[in-house]
Amino acid sequence: MKHSAYIIFISLVLSACQQTKREAISSYPDSLIEYVDTIYTPPVAVTDTLQRDSIDLTLVPGRWWQPVPGKEEEQQGFHLMKGGKIKGLNMPALIYEKWEIVSDTLMLWSDMVSGEDTTRLIDTLLVRNVNDSVMVLFPHNAAAGYFEIYHREGAKGKKK
């Protein structure tokens, strides 16, 4: 009796462990498959929602400084010279080539050097405001409300 109970138990275990063969489906009719991607949401264009001030773009050339992120006591920036010449200030990894203003957009061409690798960059910055002492820039594709503020060399309390 015990022997036949073991045989029945082992037969049940073996039959449960056997995989059933599934019939392969060679093709799916296109009309029966409907797929809607519910995760993807199209990107929302970042727009600068602030009103533009009247900007005197002749004030753009000069030496412009801002604090180094994470090292607020140090300054970095660029010297925008007439004729599109530019020089980086306290930014050894960036080698600037030229600058240009198109409408109210400042474009800076540079090469970022990292070891033996060099990456070509073109920074596109919307000039939000510029005067004798401050230039406020809105980088292209920046989050709404993010601005970069530069101070002109020689402005009160700034690097001379």
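Structure first, text after, so check above.
Everything quoted here is computed from the prediction, not taken from an experiment.

A. Geometry of the overall build of the protein. For the protein, the helix and strand inventory stands at one helix and eight strands. Beginning at the N terminus, the succession of helices and strands in the protein can be written as α-β-β-β-β-β-β-β-β. In the protein, which comprises 160 residues, the proportion classed as buried is 27%. Here the protein has roughly 12,400 Å² of accessible surface; of this, 56% comes from carbon and sulfur atoms.

B. Region of interest: the pattern of salt bridges. Scanning the entire structure with this criterion turns up three salt bridges. Where glutamate 153 meets arginine 63, a salt bridge forms, and the shortest distance between an N and an O atom there is 3.5 Å. Highlighted residues: glutamate 153 in the segment after β8 (148-152) and arginine 63 in strand β1 (residues 62-68), separated in sequence by 90 residues. Classification of glutamate 153 by relative accessible area gives partly exposed; the value is 27%. Measuring nitrogen to oxygen at the nearest pair gives 2.3 Å for the salt bridge that ties arginine 120 to glutamate 97. Of this pair, arginine 120 sits in strand β6 (residues 117-130) while glutamate 97 sits in strand β4 (residues 94-102), and the two are 23 residues apart along the sequence. Overall, the relative accessible area of 49% leaves arginine 120 in the partly exposed class. The network of salt bridges with shared partners includes Glu97, Asp111 and Arg120.

C. How the structure looks around the sheet that holds strand β3 (residues 86-89). Pairing within the open sheet is antiparallel, and its eight strands lie in the order β3-β2-β1-β8-β7-β6-β5-β4. If you trace the sheet from one side to the other, it starts and ends with β3 and β4, each paired once. Within the sheet, the average angular offset between the axes of one strand and its neighbour, ignoring direction, is 30°. Here four bridges tie strand β2 (residues 71-80) to β3, and the two strands are oriented antiparallel to one another.

D. Region of interest: the layout of surface pockets. Here the largest pocket is characterised by a volume of approximately 170 Å³. If you trace the largest pocket, you find 13 residues lining it, with Met91, Leu94, Tyr96, Asp123 and Tyr150 closest to the centre. The dominant element in the lining of the largest pocket, judged by the number of residues it contributes, is β6, at three residues. For the lining of the largest pocket, the per-class residue count stands at nine nonpolar, two polar and two charged.

E. Main features of the side chain of serine 110. Secondary-structure assignment places serine 110 in strand β5 (residues 105-114). Judged by its relative accessible area of 0%, serine 110 falls in the buried class. Those residues in contact with serine 110 that sit more than four places away from it in its chain are Leu94, Ile95, Tyr96, Glu97, Thr119, Arg120 and Leu121.

Definitions and limits used
- The numbers attached to residues start from 1 for each chain and follow its sequence in the written order.
- Totals for whole chains, interfaces and linings use every residue, but because this is a predicted model, local features are given only for residues with pLDDT of at least 70 and side-chain atom pairs only at 80 or more, for both listing and counting.
- The side-chain figures draw on all heavy atoms in the structure; neither hydrogens nor water molecules are used.
- Numbered from the N terminus, helices here are DSSP runs of H or I no shorter than four residues, and strands are runs of E no shorter than two.
- Exposed residues in this analysis have more than 50% of their type's maximum accessible area, buried residues have under 20%, and partly exposed residues fall in between, with area computed by a 1.4 Å probe over protein chains only.
- Areas reported here follow the Shrake-Rupley algorithm with a probe of radius 1.4 Å; residue values treat only the protein chains shown as occluding.
- Only one rule defines a salt bridge in this text: a Lys or Arg side-chain nitrogen within 4 Å of an Asp or Glu carboxyl oxygen.
- The rule for pairing is simple: two strands pair if DSSP sees at least two bridges between them.
- Orientation is described by axes fitted as lines to C-alpha atoms, over the contacting stretch for helices, and by angles from 0 to 180 degrees between their N-to-C directions.
- Only protein atoms enter the 1 Å grid, on which a cavity is a set of points fitting a 1.4 Å probe that cannot get out and a pocket is an open set with protein on both sides within 12 Å along at least 5 of 7 lines, lining residues being those with an atom within 4 Å of a point.
- Grid points are joined across faces, edges and corners, and a volume is the space filled by probe spheres set on the points.
- Under the convention adopted here, Pro, Cys and the residues Ala, Val, Leu, Ile, Met, Phe, Trp and Tyr are nonpolar, Asp, Glu, Lys and Arg are charged, and Gly plus all remaining residues are polar.
- Residues count as neighbours in contact if any of their non-hydrogen atoms are within 4.5 Å of one another.

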